[in-house]
Amino acid sequence: MAVSPRAYVRIVACADDPRAAGKTGRIVDEIPPGPLTAGRWTVKVDAIFIGNVLCPSSELQPI
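All residue numbers refer to position in the chain's written sequence, counted from 1. It should be noted that, the model being predicted, local features are given only for residues of pLDDT at least 70 and side-chain atom pairs only at 80 or more, the latter also being counted only at that level, while totals for whole chains, interfaces and linings use all residues. In computing side-chain values, all of the structure's heavy atoms are included and hydrogens and water are not.

Here we look at the pairing of strand β2 (residues 24-27)
Item 1. Note that strand β1 (residues 8-11) and β2 share 3 bridges and pair antiparallel. Bridged to arginine 10 within β2 is threonine 24.
Item 2. Judged from the 3 bridges that link them, β2 and strand β3 (residues 41-45) form a sheet pairing that is antiparallel. Bridge pairing in β3 links isoleucine 27 to valine 43. Strands were regarded as paired on the criterion that DSSP finds at least two bridges between them. By definition, any uninterrupted DSSP run of H or I lasting at least four residues is a helix, any uninterrupted run of E lasting at least two residues is a strand, and each is numbered from the N terminus.

Structure representation (structure tokens):
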């Protein structure tokens, strides 16, 4: 399933910050990711002590 900009997602795994795995969040990118982020989406995690993380589509599941 494809992930789209501004979507709510569940983070299945996260190499950027393993604490984010299993949490939900919202993609903050307005366009699909490019070479600057190495094809990873910027996700604002619904957790107080975890900042924004970068995750490829394979680590995200649309809600």
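This is not the end of the story, as more comes after the structure.
Things to note about the sheet that holds strand β4 (residues 53-55)
By definition, the strands of a sheet pair up through backbone hydrogen bonds, in either a parallel or an antiparallel sense.
Item 1. Taken together, the 5 strands give an open sheet; going across it, the order is β4-β3-β2-β1-β5, and neighbouring strands pair in antiparallel fashion. Edge positions in the open sheet fall to β4 and β5 (60-62), since each of these has one partner strand only. Going across the sheet, the axis of each strand differs from the next one's by a mean of 45°, ignoring polarity. Inter-axis angles, ranging from 0 to 180 degrees, are taken between N-to-C directions of lines fitted to C-alpha atoms, where helices are fitted over the stretch in contact.

Things to note about the environment of alanine 15
Item 1. Residue position: alanine 15 is located in the loop between β1 and β2.
Item 2. When accessible area is computed with a 1.4 Å probe and restricted to protein chains, residues below 20% of their type maximum are described as buried, those above 50% as exposed, and intermediate ones as partly exposed. By relative accessible area, alanine 15 is classed as exposed at 70%.
Item 3. C-alpha separation for the pair alanine 15 and arginine 40, spaced 25 residues apart in sequence, amounts to 11 Å.

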